[in-house]
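The residues making up each chain are set out below.
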Amino acid sequence: QVQLVESGGGLVQAGGSLRLSCAASGRTFSSYAMGWFRQAPGKEREFVAAIRGSGSVTYYADSVKGRFTISRDNAKRTVYLQMNSLKPEDTAFYYCAADWTFERLLRNEYDYWGQGTQVTVSS
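Below, the structure is looked at part by part. (Residues numbered from 1 in each chain as written. Predicted model: local features only at pLDDT ≥ 70, side-chain atom pairs only at ≥ 80, totals over all residues. Heavy atoms only, no water.)

### Quick word on the state of the cysteines
A covalent bond between the sulfur atoms of two cysteines is referred to as a disulfide. All told, the structure shown has one disulfide when counted by the stated rule. The disulfide that involves C22 links it to C96, with 1.9 Å between the sulfurs. Its torsion about the S-S bond being 40 degrees, the disulfide of C22 and C96 is classed as right-handed. Of this pair, C22 sits in strand β3 (residues 18–24) while C96 is found in strand β9 (residues 92–99), placing the two residues 74 residues apart along the sequence. (Disulfide = S-S within 2.5 Å. Helix = DSSP H or I, 4+ residues; strand = E, 2+ residues; numbered from the N terminus.)

Right, here's the structure in full:
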């Protein structure tokens, strides 16, 4: 069982930056692949980024590639999403997810997810 708690969301102007954090419970954090997803009002849930348990492999949606960076600190049981050059279209509810299988995250499938945090980018 994994419990996830996101933080770091807020309101930022276009072009600005935010760093989201997701703290996980459990002693097997490094065994889980972690991902970030987002959902804007009236839109489908969207994959943003994922990282393997070791941190050696990452994958990004085309819409955020080059602007967002996912990372993790297994000693702190935390995964991060650094978001730079934010755009109004990045406005959404962001939440992190965990799964034993990295490839499942890429298919928008996961066993555990947090409550999420709101990110709003003003133009």
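### Section: the pattern of salt bridges
Scanning the entire structure with this criterion turns up nine salt bridges. Here E109 ties to R104 by a salt bridge, and the two come within 3.4 Å at their closest N and O atoms. The closest approach of N and O atoms between R104 and D111, which form a salt bridge, is 3.1 Å. Classification of D111 by relative accessible area gives partly exposed; the value is 38%. Shared partners join several salt bridges into a network, and the residues in it are D99, R104, R107, E109 and D111. (Salt bridge = Lys/Arg side-chain N within 4 Å of Asp/Glu carboxyl O. Buried < 20%, exposed > 50% of the residue type's maximum accessible area, 1.4 Å probe, protein only.)

### What about the pairing of strand β4 (residues 33–39)?
The buried fraction of β4 amounts to six of the seven residues, a majority that puts the element mostly inside the structure. Relative to strand β5 (residues 46–51), β4 runs antiparallel, the two being bridged by five bridges. Bridged to M34 within β5 is I51. Turn length for the β4-β5 hairpin, with the two strands adjacent in sequence and antiparallel, is six residues, and the turn residue G42 shows positive phi of about 75 degrees. (Pairing = 2+ DSSP bridges.)

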